[in-house]
Amino acid sequence: MYPPQYASWFISEDESPQSTQDNNLYHNIPHVSDTMHSDPTSGYSRSPDLDFRVSLPLDDQYDTDYSHNSPDSAFSAPGSPEASSSHIAHSDIDVVEELKLNTPDSLLRLFNANQLEIDSSPQQRWIMRCPECSEWCQSGITTSVPLYLPGQFRSLSNHRGSKKCVQAVNKWQKRPAGGNVLDGPGSRSCSTTLVQRDPIIVPPSPDERACTGITINWPDDVRPFLMMFPWESYHDGPNALPFTVDITRPSDPRARSKHCHSTTFENSPCSECVIVHRHISRLVEIARDPKAHTNYKYLGLGHMQDIAKMYAAQVKELKLRACNDSRKYMTSLTQLDDYNRLLMAISENDVPRLQQVIKIALDGGASVREIVNKLEDAIEGVYRPRGYGSSDVDIATLVYRLGGRQLLYALNHKLGIPSIRTLRARSTFTNITPTLGPIRNEQLDENIRSIVLGTRTGITSLRGVSFMIDEMALEEMAVHIGKYNMIGGLCWKHSNVVDPVLRTYDSAVRIAHKIHNQEVHLGKEVTVIGVACFGEDELYPVLAAPTCKTEDAADMEGILARAIERWSATGAASSVGPVWSFATDGDATRRAAGHRLFVKHPLSMDSPLFAILSDMPGLNTLTGDNEVTLDFDFKHIFKLDPGICTLIRSPAGITLNNGRIINAMMLSRYLLWLPAHDEASITKLLHPDDPQDVPRAIELMQAIITFSQLQYDSIDSSFSTNIDIRADLEAIKLLSNLIESILLPFIDPHLSLTHQVQYLSRYAHLSFSIFRTHRRAFMPYQLYYDTQTMTKNIIFCIRKQQVLDPREKFFIGDSGDDRLELHFGRTRMIGGHNSGCSYSQVLDRLGAAKDIDSVFKRHPELDPGHRRLKMGTRHENVDHINREMWRGDIVSGRCDLPSAWQTGRDMALSILTASQIDPVNYSFATLFSNPAIDMHRPFGMNKYLGISLDDAEDVSMNVPPPTPQIPEALSLPLPDLDIGLMHEDADEPDEPMLTFEEALTAQSDSDLPAPHSVTILSDPSAPPIPEGPGIRPDDYLLFKGRWIHKQTVCRLVINKDFVSKSCNRLERVRAGYTKVNRRIDMSAGRITDRNLFLVGDIFVTIIRSGRTVSIGVLRSTLITLNNISCSSVNITVMKATRTTTKITGQLLTIIPTNASSDSPSKPLQFLWTGGYVKSRSVIQGTSDATERVVIISVPGSLVEPINPEPTFIRLRNDINSDDFTEIKGGQSTWQVSQDALQAACELLWEKSLEIKVNLKSLASVTPSDIKAFPYRLPDGTPAILSSEGTSLLIASEGERISECPLCSAKAVDMRAHAGLHILHTLTNTPEEIALVEPVGVHSPCGFCARSGRPECTITIAFPSNAAPTLATKCLYQHHFRYGFADHGSKNKPCRNIPLKCELCHPILPPEPGRTSRRAVSGAVEAVWRYNMPKHILKEHTEYSVPGYKSIGVPLPASMLKAISLSDLEQAAARIPQERRLFTCDLESLEKENNVGSSSKSTGKRRALQPAASLPSKRARTAMKPLQMTTTLI
């Protein structure tokens, strides 16, 4: 078919891989090289990838699109069955067609058919040989990756037909004819190429004809060619189609390439026209399914028609959408306007119950416009939504209980919250059954059933129960409780003597009479018993009984036992839980009652508690019935008196280590070292205005702990020369450990229950050892008992929780009565923080507080808390710590009690070992081996200290309250009780007294209900009984034809002397508690002032021991100036002769050095051993005794400060270091020379003579070790003595000896001695001894018998409740007992005492309507008895004086008594009978004039006191009974 010379250039039909008849418009296809030929000047590539450069870019899209239209372009993904074979048989593919396609898919198929040459480069990358130019093409694919994906052949596909490939082919075609064909790119390997051939050269054909192009075979399933051809691209410009179309025969259109060769062989199209088929196929594809993004110039007229129709449809759709949107927008604007109306209605008006209005409307499907209309109706009051949620009811309950009915009414009408009627229907208020009369079982039963059982219906799990008891203030007034038609407010103990029902007016009179006679009392406080469950915060009050505070331990024991018994009787023990503890505060009566009731039975061996608790040595295991234990509130232990902070703040301080006292004055100096505190803040901590401030108390304890932790270096410095500071720091360290042990378990929320028990065990063991050492000097008995009882109860309750449910948590904050205190806080808050309320108000407020607590339990975010009871806000990360705040593991079952107890004991031992406590007192194994000794009984013998009411407090710690005055019985008739009970105010004129009838007339009649109907009565003359809504006829009684409300009768008859108590809580508290900051001056000076004497300084003073006067070295612990505690005092002021300064200190133990044989003349030195002189102290109620440090108080004038010299113990050879064991770990002490001590002793003795100190007034010391004091030399003889003082002491047995200025005789009692001189002068009896100076002529002084000296002026004052007080500056004055001196005795017959002249200062008779007149309490100038006759003759000439003047007005009996002398005193003065002065029979004088004898009148005078309380200053009403047989005129 071809010329022979070109036969090798073409593929023969035998070698053709397929028939020469092409199914795709091709006939007689030339060899492959012709398809790759390109014209460099045409600008168009003949490669199928470069046709239609705009619409057919060189990317995967075209390849994919084109390959999908090729029948042989099927491609299987890797892993498919078709791709599983690595090669395809040669007969299965058309190699020529695949090369024409030149796509990655076609090349992959050629590779799989072994038709491509592949090799690896030196860089281990696949390289592929181009079939046209024979160049190796880099693939960039590592040889470790097999070739199986089309994309791996993209580099070869892009290379073929590229400019580089074309240039290589052209270069090969232009090579010389003689060249070796194997040197050109046509040289191929038969194993890797399609056909091995010579270079491709197009030779001229002998049968050339003009090329007519190809026929366009347009598919039938596509619209006509002319409609779908892209005529927009049919032009000669850029981006034009690369062929022309001949449509002269529309039925047979033809296409011819614009680069047609114009000639062809055997009617076959040229190679350029053959390529046109690809473009036609692409156009067919576009015509059949044009892409959405196809440019319009590639689309035909049919497509443009479709687009036009589409746009027309879109226009119609948009028009319709615009209409719909317009309607929608109008609807939205209308809705927006409705919403604007809603917002305006809400913002401009206060809509009642807005949330409920909107919620109900939305639930009903209402529109916004309907909601706005509802709101407008609600604003106008036309519409009120119904239905309240639980939150609404809770808020209304808070409003009602806090603000009352009127506030609820106002908010109901203004805000739409539930009304009182709704509240009553939706909720149940807590109503406490009152105690009217004695405490009965019915009252407790009713309260337990209604308040406890009635509110816990849904709770089935059992919990431990704690009973709590405390009191709160109550106004002393009777109230009428209409529900029971009885009088309330009378003390429960004595109210059994009266009938509480007011049947007639006489009933009220009888009650008032019994109150006046002290047969029954108005309640001063109300005793409240509450019940709380462990693990819950809610408290249930079950008893509220008025009390007169006269109950003893037996009465209180009965109350506690009755409460527990009724708990079991009502079934509460089986439905709520068993009683575990009974908690109270530090009240002495309740402590004694609780001890009798809950510390009486040993723990049974069959008890589930026994196995664990018996394995805790030292723990007291005695309980009450049913294993109930006593408990004390830990906050009271922190703050109250006695309390830990009160103990620290007291001037007496706390004794630690081997006797070191630490008090507030010393702490104020050391706590200033803390960087976070200044002087003002330390003063607030140590001397707060409110001793009950719990956060302040905790802040003080934490400050001490922090200070101790920062001073370890100073404590560990053994050779420190600051001996006293180091001793103080060691004591503060022990105090810090003690405080930390009892404080951290309650305030550190990170502690687990095990760690809490360990700290409590550490405290129990520490306090046990220190208390055995110092007893009351360490802490009061009551405080020790309370703290140990609190620890014991916590241990018992943990074990009980383990038995009940070990998976439950146990929060030790649930112990104590803190929840009852919180309940009291709510109660006071309801009354506007006014604690003064009547008994009926207390009942209502207690119930209201219960309701408020329930609401706060459901809404904790509304609870503001309690500032004063928070253990923290200032230290308020402890601000009321609760179980939700606790982060430690407090699950009861995970706490091993015996192990924790033993760990705490070991911790205490490590602390005590480093202290100066005697090891005998912390030998726990030995001590607790005795079953009679435990934490509560540190001395054994079954002695519980602090229980008996006879256990007196330390006088340095407590100030006894004023002795209550018992009013004398009045003999006046009952209707005029006000006469004896009126407030005696001399400066205020009497106010008119109103009778009961006048008082009723003065009352407004508006409060009396008008009768609505006439009722037939038994007495036709009586008015109708009051009737009407809310009126109970039983609330009224008939009086003189008028119905009077019983509360009015109570107010005018029973409560007529009522005076409201102070609303100031501090005033009420300080009336019954020790003022820890009373009269304290912290601004006395700075410690840098050398002229100051500070608390803690060393001083010496003279002391008598037996019959010796010696000197003692003391460490000051307290300074008072004018009875005001000071931290320092000026030395000059302190040592003044007439100083009012008193210094209190601890007597130190000092020992002398050994005499040196090398220098015998060297003075001895006395060194402090680190100890204190101690005396024997008997344990109360036993015959045993302990030792306590001797504490002495001396006047400042007998104090001499010293400045000891520091010295080191180990560097001396003149002492025995074993004598200094009390300096624990220290190697330094101080010394003072014997000569200095002796000189100070002589100096102080001379000063005592100068200021005429009574020898018996010197401090006396009786040490338990006679070698300790007086200080002795090494040979045992006293080292420092005052020879003269010792001699005088032996001679006078301690009486002060003064030298008489008249006769120079030494006298002990100058008053009696001077009285002899005065009597001798008055009676002209000669003296036995000639006088150096005569007796004074005018009013001689009773102490020195001289006159005319200003310092001898004497004044006298008569306090209302104490003996007369004298004031004089006479140098010879001394103390004497006024009452005994006025009466006289055989041993001391002299009755010359200062008297008040009743003629100069008369006691006026009572004014009309009064029984007595207040006496002037100020001091007046006194007249000595022996001078009284001459005083009357001189100042009151109108009176006659027996024995001096017989003419005149007779003297009153009291003045006759004043001038009368007894025969005993004149006989003792050896006055002759004929010269004796006026004497009268005092007994007959008293009988005749009803004047009390002098011996009785000199005691404490009793004053009248009202039965209920002090009278008020308003107009008084006197009771006028209806029937009286006598009338007071």
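Residues numbered from 1 in each chain as written. Predicted model: local features only at pLDDT ≥ 70, side-chain atom pairs only at ≥ 80, totals over all residues. Heavy atoms only, no water.

Undergrad: Would you take a moment to explain helix H10 (residues 354-363) for this structure?
TA: An α-helical segment advances 3.6 residues per turn. Residues three or four places apart therefore align on the same side. Turning to H10, its buried residues number three or more, namely Gln356, Val357 and Ala361. Down the axis of H10, the buried set is contained in an arc of 125°. They therefore lie on one face. What points out from H10, more than 90 degrees from its buried face, is the exposed set Gln355, Leu362 and Asp363. Positive phi appears at Gly365, one or two residues downstream of H10, with a value of about 75°. (Buried < 20%, exposed > 50% of the residue type's maximum accessible area, 1.4 Å probe, protein only. Helix = DSSP H or I, 4+ residues; strand = E, 2+ residues; numbered from the N terminus. Arc of directions from axis to C-beta.)

Undergrad: What is the right way to look at the sheet that holds strand S9 (residues 465-473) in this model?
TA: Pairing between sheet strands relies on hydrogen bonds along the backbone, with the strands arranged either parallel or antiparallel. Reading across from one edge, S13-S12-S9-S14-S17 is the order of the five strands in this open sheet, with mixed pairing throughout. Each having just a single partner strand, strand S13 (539-547) and strand S17 (629-632) make up the two edges of the open sheet. Geometrically, the sheet is characterised by an average inter-axis angle of 25° between neighbouring strands, direction not taken into account. Across four bridges, the pairing between strand S14 (residues 579-584) and S17 is parallel. Note on S17: the bridge partner recorded for Thr584 is Phe632. Contacts between helix H28 (residues 781-804) and the sheet are confined to S14 and S17, with S17 contributing the most and set at about 125° to the helix. (Pairing = 2+ DSSP bridges. Axes fitted to C-alpha atoms, helices over the stretch in contact; angles between N-to-C directions. Contact = heavy atoms within 4.5 Å.)

Undergrad: Quick question: what am I supposed to make of helix H29 (residues 818-830) here?
TA: An ideal rise of 1.5 Å per residue puts 18 Å on 13 residues; H29 measures up with 19 Å between its terminal C-alpha atoms. Among the 13 residues that make up H29, 11 are buried, leaving the element largely enclosed by the rest of the structure. Buried residues of H29: Asp818, Arg819, Leu820, Glu821, Leu822, His823, Phe824, Gly825, Arg826, Thr827 and Ile830, and no others. Looking at the packing, one finds that the buried side of H29 touches helix H12 (390-415), S9, strand S12 (525-533), S13, helix H20 (634-639) and helix H30 (839-858). (Expected span 1.5 Å × (residues − 1).)

Undergrad: Sorry if this is basic, but what is going on with the packing of aromatic side chains here?
TA: The geometry of two aromatic rings is summed up by the distance between their centres and the angle between their planes. Counting across every chain of the model gives 34 aromatic pairs. Arranged with centres 5.3 Å apart and planes meeting at 90°, the rings of Phe1343 and Trp1424 form a pair that is edge-to-face. Remark: Trp1424 occurs in strand S43 (residues 1423-1424) and Phe1343 occurs in the loop between helix H40 (1310-1322) and strand S39 (1355-1357); sequence separation between them is 81 residues. Trp1424 shares its class with Phe1343; the two are buried. An aromatic cluster is built from Trp218, Phe225, Phe229, Trp231, Tyr234 and Phe243, whose rings are joined through pairwise contacts. (Phe/Tyr/Trp six-rings, centres within 6.5 Å; stacked < 30°, edge-to-face > 60°.)

Undergrad: It is not clear to me how the pairing of S12 should be interpreted in this structure. Could you clarify?
TA: The two faces of the sheet receive side chains in turn, since in a regular strand these alternate between them. Along S12, eight of the nine residues are buried, which leaves the element largely enclosed by surrounding structure. As paired elements, S9 and S12 share nine bridges and run antiparallel to each other. Each bridged residue has a counterpart across the sheet, and for Ala473 the counterpart in S12 is Glu525. Adjacent in sequence and paired antiparallel, S12 and S13 are bridged by five residues, among which Gly535 carries a positive phi angle near 95°.

Undergrad: Help me understand the confidence of the model for the protein, please; the structure alone is not making it clear to me.
TA: On average, residues of the protein carry a pLDDT of 78, and 78% of them reach 70 or more. Confidence over residues 177-206 falls short of pLDDT 50; this stretch has 59 contacts with residues more than four positions distant or in other chains. Counting contacts from residues 952-993, a segment whose pLDDT is below 50, to residues more than four positions away or on other chains yields 95 contacts. (pLDDT = per-residue confidence, 0-100.)

Undergrad: Would you mind showing me how to read the sheet that holds strand S3 (residues 136-142) here?
TA: The three strands are arranged S1-S2-S3 in an open sheet whose pairing can be described as antiparallel. Strands at the two margins of the open sheet, each flanked by one partner only, are strand S1 (118-120) and S3. Here the strands of the sheet are splayed against their neighbours by 30° on average, with no regard to which way each runs. Note: strand S2 (residues 125-129) against S3, four bridges, orientation antiparallel. Bridge pairing in S3 links Arg125 to Thr142.

Undergrad: Explain the side chain of His480 to me, please; I cannot follow it from the model alone.
TA: Relative to the helices and strands, His480 resides in strand S10 (residues 479-481). At 3.2 Å, the side chain of His480 and the side chain of Asn485 are in polar contact. Aside from chain neighbours lying at most four places away, what touches His480 is Asn485, Met486, Ile487, Asp1034, Asp1035, Lys1046, Gln1047 and Cys1050. (Polar contact = N/O pair within 3.5 Å; in protein donor to acceptor, adjacent residues only side chain to side chain.)

Undergrad: When you look at the pattern of salt bridges in this model, what are you seeing that I'm missing?
TA: Any two side chains of opposite charge can pair, given that their charged atoms come close. Scanning the model with the defined rule gives 51 salt bridges in all. Glu471 is the salt-bridge partner of Arg590, the closest N and O atoms lying 2.4 Å from each other. Of this pair, Arg590 sits in helix H18 (residues 588-598) while Glu471 is found in strand S9, placing the two residues 119 residues apart along the sequence. The class of Arg590 is buried, set by a relative accessible area of 2%. Among the residues examined, Glu471 registers a relative accessible area of 14% and is labelled buried. Lys1135 is paired through a salt bridge with Glu1200; the nearest N and O atoms lie 3.0 Å apart. Remark: Glu1200 occurs in strand S34 (residues 1200-1201) and Lys1135 occurs in the loop between helix H37 (1131-1134) and strand S29 (1141-1152); sequence separation between them is 65 residues. Accessibility expressed as a relative area gives 23% for Lys1135, which makes it partly exposed. Taking the relative accessible area as the measure of exposure, Glu1200 reaches 18% and is therefore buried. Each member of the salt-bridge network shares a partner with another, and the members are Asp470, Glu471, Glu525, Lys549, Asp585 and Arg590. (Salt bridge = Lys/Arg side-chain N within 4 Å of Asp/Glu carboxyl O.)

Undergrad: What's the story with unusual backbone geometry in this structure? I'm lost.
TA: Here the bond from Phe1269 into Pro1270 is cis, since omega is -5°, no more than 30 degrees from zero. On the secondary structure map, Pro1270 appears in the loop between helix H38 (1234-1250) and helix H39 (1283-1292). The phi angle at Asn102 is positive, at roughly 55°, despite the residue not being glycine. Tracing the sequence through the fold places Asn102 in the loop between helix H3 (95-101) and helix H4 (104-112).

Undergrad: Mind showing me how you'd approach the environment of Leu436 here?
TA: Position of Leu436 relative to the elements: it lies in the loop between helix H13 (420-426) and helix H14 (441-452). When sequence neighbours within four positions are dropped, the list of residues in contact with Leu436 reads Gln443, Ile481, Tyr484, Met486, Ile487, Gly488 and Tyr839.

Undergrad: Can you walk me through the state of the cysteines in this structure?
TA: Chemically, a disulfide is nothing more than a covalent bond linking the sulfur atoms of two cysteines. Going through the model one piece at a time under the given rule, you end up with zero disulfides. Its sulfur unpaired, Cys491 is 3.8 Å from the next cysteine sulfur, which belongs to Cys548. (Disulfide = S-S within 2.5 Å.)

Undergrad: What am I meant to see in the pairing of S14 here?
TA: Counting buried positions over the six residues of S14 gives six, a clear majority of the element. The sheet contact formed by S9 and S14 spans four bridges and is parallel. The residue bridging Val465 from the neighbouring strand is Val579, located in S14.

Undergrad: Help me understand the environment of Ile933, please; the structure alone is not making it clear to me.
TA: Structurally, Ile933 can be placed in the loop between helix H32 (924-927) and helix H33 (977-981). Residue Ile933 is classed as buried on the basis of its relative accessible area of 12%. In sequence terms Ile933 and Gly618 are 315 residues apart; their C-alpha atoms lie 7.2 Å from each other. With sequence-adjacent residues up to four places away left out, Ile933 is seen in contact with Phe768, Leu927, Phe928, Pro938, Phe939 and Gly940.

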